[in-house]
Amino acid sequence: MKTIIYADYNTNLGQYENIISDEIIVYDKDGSIETKLPKETSTEIFKNVDNIIFTQNCIINGEYNIKSLEEACTQIRDIISNDTVLIFDTKVPPRTVYKMSKVIDEYGLIPDINIAYTTEIKHDTRVISGTNENSINRTISLYENMTQNIKTTKHIQTAEAITILQNAYKDTLIALSNQAAILSEALTIDLIEAIDLANLEEDVHLKYPQPIQENKISRDTNELINLANEYGEASQIFETIRSTNNYVAYHMAYMAEKELFLKEHLAMFETTVAILGITNDETLKTEKDNASLILIDDFVQRDVEVWVHDDKIPETIIENHGAKKITLEEAYDADCIIIMTDTPEYRKINPEKVQKVIITAQPLLSADEFKDKEFSSVGQYRLKKGEML
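This is a predicted model, so every value here is computed, not measured.

S.K.: Let's hear about the sheet that holds strand β13 (residues 324-325): which residues, and what values?
M.R.: Taken together, six strands build an open sheet; the order of strands is β13-β12-β11-β14-β15-β16 and the sheet is parallel. Edge positions in the sheet fall to β13 and β16 (374-377), since each of these pairs with one other strand and no more. In the sheet, strand β14 (residues 336-339) pairs with strand β15 (residues 357-360) via four bridges, with the strands oriented parallel. When the sheet's bridge partners are listed, isoleucine 338 is paired in β15 with isoleucine 359. Contacting β14, β15 and β16, helix α7 (residues 236-264) crosses the sheet at an angle of about 160° to β15.

Here you go:
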């Protein structure tokens, strides 16, 4: 059995060394891919091949983009035989593989086209689906050494939707907590304590309030909005989830403004705010829907001097938003420190060095350690002596 991996430079080719095939060849049209596997640059290798695995990265700048996948399908469509199994191994929105099947077989001339889709849905579990039993069984036989668990679905578009639903689910739970956090502060409820106890019920899995700083979560909810619009269906809940989680940035600005004005008698344009943490990803995938950048923009528009710490973010991006990149030690000189991401070094903030106000977007710090400072956290903001029964 001969298998061709149609890869790009983002493909982790090491994992494919374990697939079960007599011959594995990587197609590298530019000759730029590094791998221990044999490589070929000629499209002639697609003739009389048993399997082709497409691994093109379809997430560009934090958004789904299937252009490279479409180009790959266009390139091989007139070369492959009808018996070849075409396997799409990449994260894509539902019905992407269907669109690729139309690129490969535009006029429906192949009566039983052999197409399969696969992707990881958790670190030890892979989902596989196909257009027929041959496609599914062939793909399972190739991948069975690569993962502990293989699940199948009846239809490819169902398999494509799984990871999007997983991320949208996280977005939804966080939106519930973020909305509840704002109300809980008005009611002087310790939402964190309430969530811990509410989660004792087996069917309840509430998350702590927090800004969304992972691209895949906001991206996939937005993709559901895009799909709903494309197919003329309602998307109110997805739109509400996104707007709710983006609003957390403005709520934190309000928290900072109230603390500084009521406790320090400072107007915002007189202050310096240090924002710690921009993203939870390895790098910033996109500036869209990033809660920290929304917060920075809100402050800058009101003439607040904004300092930013996040070693993963280029200084140019921070400066483009009108802020200044600083070291963590310099943050102590700010009137207000706002911690946006759960980063280990931010959990070690020294209470004695904090000048006036410190606010966290998540329950990261001990209130007892900061009892002599103006400290609050989302969901616990107004829990001050004299305001609770």
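Resuming the write-up.
S.K.: Account for helix α4 (residues 156-186), naming residues and giving values.
M.R.: Structurally, the α-helix is built with 3.6 residues per turn, so residues lying three or four positions apart point the same way. Here α4 contains 31 residues, and its C-alpha end-to-end distance of 47 Å stays within 8% of the 45 Å for a straight helix at 1.5 Å per residue. The sharpest bend along α4 measures roughly 30° and falls at isoleucine 162.

S.K.: Residue-level account of the nonpolar core, with values.
M.R.: Within the largest apolar cluster, 37 residues are counted, with the highest numbers of intra-cluster contacts made by Phe299 and Ile338. Secondary structure elements with two or more residues in this core: α5 (191-198), α7, β11 (272-276), α8 (291-301), β12 (305-309), α9 (315-320), β14 and β15. With seven residues, the top contributor of residues to this core is α7. In contact with isoleucine 338, other than residues within four places in its own chain, are Met252, Ala256, Val273, Ala274, Ile275, Leu276, Leu295, Phe299 and Ile359. Counting 30 residues, the second-largest nonpolar core is a separate cluster that includes Cys58, Ile80, Met100 and Ile104.

Definitions and limits used
Residues numbered from 1 in each chain as written. Predicted model: local features only at pLDDT ≥ 70, side-chain atom pairs only at ≥ 80, totals over all residues. Heavy atoms only, no water. Pairing = 2+ DSSP bridges. Helix = DSSP H or I, 4+ residues; strand = E, 2+ residues; numbered from the N terminus. Contact = heavy atoms within 4.5 Å. Axes fitted to C-alpha atoms, helices over the stretch in contact; angles between N-to-C directions. Expected span 1.5 Å × (residues − 1). Bend = angle between axes of the 7 residues up to and from the residue. Core = buried A, V, L, I, M, F, W, Y, C linked by side-chain atoms within 4.5 Å. Buried < 20%, exposed > 50% of the residue type's maximum accessible area, 1.4 Å probe, protein only.

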